Amino acid sequence: MKVLKFGGTSVANAQNIKLVLEIVNQKAKEDQLVVVVSALSKVTDLLQSAAAKAAANDESFREVVAEIEKKHLDTLKELIPVSEQSSLLSHVKRIINHLETLLDGCFLLGELSPRTADTILSFGELLSSFIIAQAYQQISKDAVYKDSRELIKTDNTFGKAVVNFEVSNQLIKDYFAQNNAKINILPGFIAQTLDGITSTLGRGGSDYTAAIIAGAIDAEQLEIWTDVNGMFTANPKIVKQAQPIANISYQEAMELSHFGAKVLYPPTIQPVLRKNIPILIKNTFEPEAEGTLISNQVSSKDTVVKGISHIDHISLLTLEGPGMIGVAGSSRRLFEVLSQEKINVIFITQASSEHSICIGILNSDADNAEAAINRAFEIEISQNKIDPCYVEKDLCIIALVGENMKNHQGLSGRMFSTLGKNNVNIRAIAQGASERNISTVINERDVKKALNTLHENFFEENTKQLNLFVMGVGNVGEKFIEQIHNQKKFLKDVLKINVRVIALSNSRKMVFDEDGISLKNWDAALSEGEPASIDGFIKRAEELNLRNSIFVDITANATVSEAYEKFLKESIAVVTCNKIACSSAYDNYKKLKNLSRQYNAPFLFETNVGAGLPIIDTVKNLIASGDKVHKIQAVLSGSLNFIFNNFDDNNSFHDVVKEAGVQGFTEPDPKIDLSGIDVARKILILIRESGYEMDIDAIANESFLPAECLATTNNDDFFASLIKHASHFENIYKEALAKDSRLKYVAQFENGKASVGLQFIPKDHPFYNLEGKDNIVLFYTDRYVDQPLLIKGAGAGAAVTASGIFADVIRIGNV
């Protein structure tokens, strides 16, 4: 004999019930069945609402009753032929009338006792089981209805009654010994006290009903039919990559269900565990899916961690003080107080010093618990031996569960490290001696990030998801998005990195998609986005609180650079080609570097110097390996190199600067490049990364631009001034020809002094043959004395700059 239980979503409406009837009909061809059903979906909530309204003298409880009545009558009419409906509709209406009478009593008395509440809540299962039994009898007459209250007896703890197994098991055995029907249909959740009063087994108790019956009759198997494909490695509503678990032990299932895996009601396992009756969890809407088999079979080949679960709405209560050290009975007194207040303790941890004890309970119990504890320890608190109870609310318990965890070292460290890297602060830790679970308490706002981070680490073949928040989608930004789109499959297959663009922003619009913006039509999505706001962008990134978040700045905006501090403090990595932050005041530069270390949030800016060339990374490796930089010579402006390589007798200075802008080599404001400030920022960043302290005003900037050009305030005036002073630039070019030299804008650092300026480079110099938009850097160090370390290559252009940004993103993915 098998026991099948169908949950509320499985019997939500007539359409779903038809699926249930088909499953039962197919199963009945092979086995004798016991079918236990829950109330129709949401009906228990409606009953609770009606009871609360009635007790509060709110007449609208009648509207709720009308809704309940309509729901059941509509369902019955769709399942039963019209010719047979009359008596059945009358029966349902009589049940509803009885319900309304009880609610009228609550309304008149203005109160709702636990006993009355149980009776009211029982109507959901009584109605659903009656309708389903009648519907199945349209298929087969070899089906009978049985009221569970006649079989399951409990004590008088209304709301969550304790089953009297001795009496219940005998009643169940006797009934099924005398009943040979192919199918028995019973309501779940409800029971009865020994003196005949209706009681309930707690929310989710329909599973328990099925397990009690399965245990009593030594069933071959207990099947729990629900709306998901079994138990998952995590809550699939929060972790999209969660996977069904094919096989799991009773103990593992118990741990997962206790820690919030809502597929199974925690006490369910106990009645079948004692008799080794397997539990199969199946999906009513995908009956062909494998589901999850719960049994006592545990394989050493199983994954170490079976699942990650959590409990929301937790408060942490801490009792501490010197008066607890070495004093016997402190813990006993604490738990007695909570027991007397009927407060369930979910989590316990105690310092080995005995100085403090910490417990986790539901938020709804926190205020009551705090007051009761402070009363119990009133004398010790007044004598300053113990501090008043300290309460932290809105927390969450996360638990790793697995039978094989005890055989593997380092799991705790791996768990804590994974959370720490994503700025998830752990408030408390507990692990049982069985080592079957490791539990941590964290802030409730971090639960989604924590679950996804842990799931990624333990279940997803080490695939790391990176969530990008991109600001700036001009020439470089477009290339960056294009490169991500083109390389997405390679990154996932080869590097095990899943890159998602969560947000995009330009100066006008911004768009967010928690599941990732489609990179095929990102521009259309952005055009329909909301008005752009830097503060709004930061706020949304913080609210989403996604794991492995990276802010990518592809602007030259000073205000945007000021936001880096906020991102880093939220453990959001920063990747930027914007040079303003790293060339700002030295104290700000150091603060950002320190925040990066403090919050374990990478701060990468390889493209600040040399676009995609590995210049900054090389400097970092030199310094990290113990080398010391003494001298730097460099051509660091690809745009200026392009301009002076193409400026000749046939191309005016104005025209070449215009062309450099068209090709994306200059900043939006070309004066930033031509004034030398951009090169000064770059050499300053290299100096700082080499370990020296310097600010930009210490760099000598010998500008080749006339004062009038420097004084312009917009691009139109700037280009007009270039035409006006064309002879000035022609004279510089002629001087270079006369000296048989080439014009290069050179940055230098030596003996603590730095300068940038236009120089005449002779033919025997390494810079002479630097073509196009190339950059070149010479590092003279302790190890590179006679022959400098030379880095050379394209130092400007949208594609190479985008590739440098992309490389920084991949560096974070490989951490």
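Look up a bit, the structure's there.
Residues numbered from 1 in each chain as written. Predicted model: local features only at pLDDT ≥ 70, side-chain atom pairs only at ≥ 80, totals over all residues. Heavy atoms only, no water.

Peer 1: Explain the overall build of the protein here, please?
Peer 2: A count of helical and extended segments in the protein gives 29 helices and 30 strands. What you see for the protein is a C-alpha radius of gyration of 36 Å, clearly larger than the 28 Å of a compact globule of 815 residues, by over 25%. On the principal axes, the C-alpha backbone points of the protein span a range of 115 × 70 × 55 Å. When each of the 815 residues of the protein is scored for burial, the buried share is 54%. (Helix = DSSP H or I, 4+ residues; strand = E, 2+ residues; numbered from the N terminus. Rg over C-alpha atoms; globule rule 2.2 N^0.38 Å. Buried < 20%, exposed > 50% of the residue type's maximum accessible area, 1.4 Å probe, protein only.)

Peer 1: Can you help me understand helix H10 (residues 330-340) in this one?
Peer 2: Within an α-helix, residues lying three or four positions from one another point in the same direction, as the helix has 3.6 residues per turn. Where H10 is concerned, the buried positions are Ser-330, Leu-334, Val-337 and Leu-338. Looking straight down H10, one finds that the buried residues subtend no more than 95° of arc, so they occupy a single side. Away from the buried face of H10 by more than 90 degrees, exposed residues Ser-339 and Gln-340 are located. Looking at the buried positions of H10, the neighbouring elements they touch are strand E12 (307-320), strand E14 (356-362) and helix H11 (363-376). Remark: Lys-342 follows H10 within two positions and exhibits a positive phi of approximately 55°. (Arc of directions from axis to C-beta. Contact = heavy atoms within 4.5 Å.)

Peer 1: Sorry if this is basic, but what is going on with the packing of H10 against H11 here?
Peer 2: Where H10 meets H11, the closest approach of the two axes is 10 Å, and the angle between their N-to-C directions is 135°. When the interaxial angle is binned, H10 and H11 end up oblique. Crossing angle aside, the handedness with which H10 passes H11 is right-handed. Touching Arg-333, Leu-334, Val-337 and Leu-338 of H10 are Ala-369, Ala-372, Ile-373 and Ala-376, all from H11. Residue composition of the contact of H10 with H11, grouped by class: 7 nonpolar, no polar and 1 charged. (Axes fitted to C-alpha atoms, helices over the stretch in contact; angles between N-to-C directions. Parallel < 35°, antiparallel > 145°, perpendicular 65-115°, else oblique. Left-handed = near helix turned anticlockwise from the far one by under 90°. Nonpolar A, V, L, I, M, F, W, Y, C, P; charged D, E, K, R; others polar.)

Peer 1: Would you mind going over the sheet that holds strand E6 (residues 190-193) with me for this structure?
Peer 2: As a general point, the strands of a sheet are linked pairwise by backbone hydrogen bonds and lie either parallel or antiparallel. Taken together, 3 strands build an open sheet; the order of strands is E4-E6-E7 and the sheet is mixed. Each edge of the open sheet is held by one strand with a lone partner, namely strand E4 (153-154) and strand E7 (198-200). (Pairing = 2+ DSSP bridges.)

Peer 1: Can you help me understand the packing of helix H6 (residues 165-178) against helix H7 (residues 205-216) in this one?
Peer 2: Helix packing for two helices is described by the angle between their axes and how far apart those axes are. One can describe the packing of H6 onto H7 by two numbers: an axis separation of 9 Å at closest approach and a directional angle of 70°. Put simply, H6 runs roughly perpendicular to H7. Side by side, H6 and H7 meet where Phe-165, Asn-169, Ile-172, Lys-173 and Phe-176 of the first sit next to Tyr-208, Ile-212, Ile-213 and Ala-216 of the second. Residues that form the contact of H6 with H7 fall into these classes: 7 nonpolar, 1 polar and 1 charged.

Peer 1: Teacher, can you tell me more about the pattern of salt bridges here?
Peer 2: Opposite charge on two side chains permits pairing when their charged atoms draw close. Under the defined criterion, the tally for this structure stands at 39 salt bridges. One salt bridge in this structure joins Glu-456 and Arg-547, with 3.4 Å as the shortest N-O distance. Taken together, the residues Glu-456 in helix H14 (residues 447-459) and Arg-547 in the loop between helix H17 (534-544) and strand E22 (549-553) connect sequence positions 91 residues apart. With respect to burial, Glu-456 and Arg-547 carry one shared label: buried. With its nearest N and O atoms 3.1 Å apart, the salt bridge here joins Glu-735 to Lys-739. When its relative accessible area of 36% is taken as the criterion, Glu-735 is described as partly exposed. Within this structure, Lys-2, Lys-27, Asp-31 and Glu-223 form a network of salt bridges that share partners. (Salt bridge = Lys/Arg side-chain N within 4 Å of Asp/Glu carboxyl O.)

Peer 1: How should I be thinking about the packing of aromatic side chains in this particular structure?
Peer 2: The geometry of an aromatic ring pair comes down to the distance between the two centres and the angle between the two planes. Using the criterion set out here, one finds 22 aromatic pairs in the structure. Here the aromatic residues Phe-512, Phe-537, Phe-551, Tyr-564, Phe-567, Phe-603 and Phe-605 are joined through ring pairs into a cluster of three or more. Sitting over the ring of Phe-605, Lys-620 keeps its end group 5.2 Å from the ring centre. Cation over ring: Lys-658 sits above Phe-719, and NZ or CZ is 4.3 Å from the ring centre. (Phe/Tyr/Trp six-rings, centres within 6.5 Å; stacked < 30°, edge-to-face > 60°. Lys NZ or Arg CZ within 6 Å of the ring centre and 35° of its normal.)

Peer 1: I would appreciate a short explanation of unusual backbone geometry in the present structure.
Peer 2: Excluding glycine, most residues fall at negative phi; most peptide bonds, likewise, are trans. One non-glycine residue, Asp-218, lies in the positive phi region at around 55°. Mapping Asp-218 onto the fold places it in the loop between H7 and strand E8 (221-226). The exposure class assigned to Asp-218 is exposed, which follows from its relative accessible area of 51%. Here the phi dihedral of Ala-611 falls at roughly 50°; this positive angle occurs in a residue that is not glycine.

Peer 1: Help me understand the sheet that holds strand E11 (residues 292-295), please; the structure alone is not making it clear to me.
Peer 2: If you walk across this open sheet you meet the 8 strands as E3-E5-E2-E1-E8-E10-E11-E9, and the pairing is mixed. On the outer flanks of this sheet lie strand E3 (143-145) and strand E9 (247-249), each paired with one strand and no other. Put simply, the sheet's adjacent strands are angled 20° from each other on average, direction ignored. Taken together, the 5 bridges between strand E1 (residues 2-6) and strand E2 (residues 33-37) define a ladder with parallel strand orientation. Counted as the bridge partner of Val-3 is Val-34 from E2.

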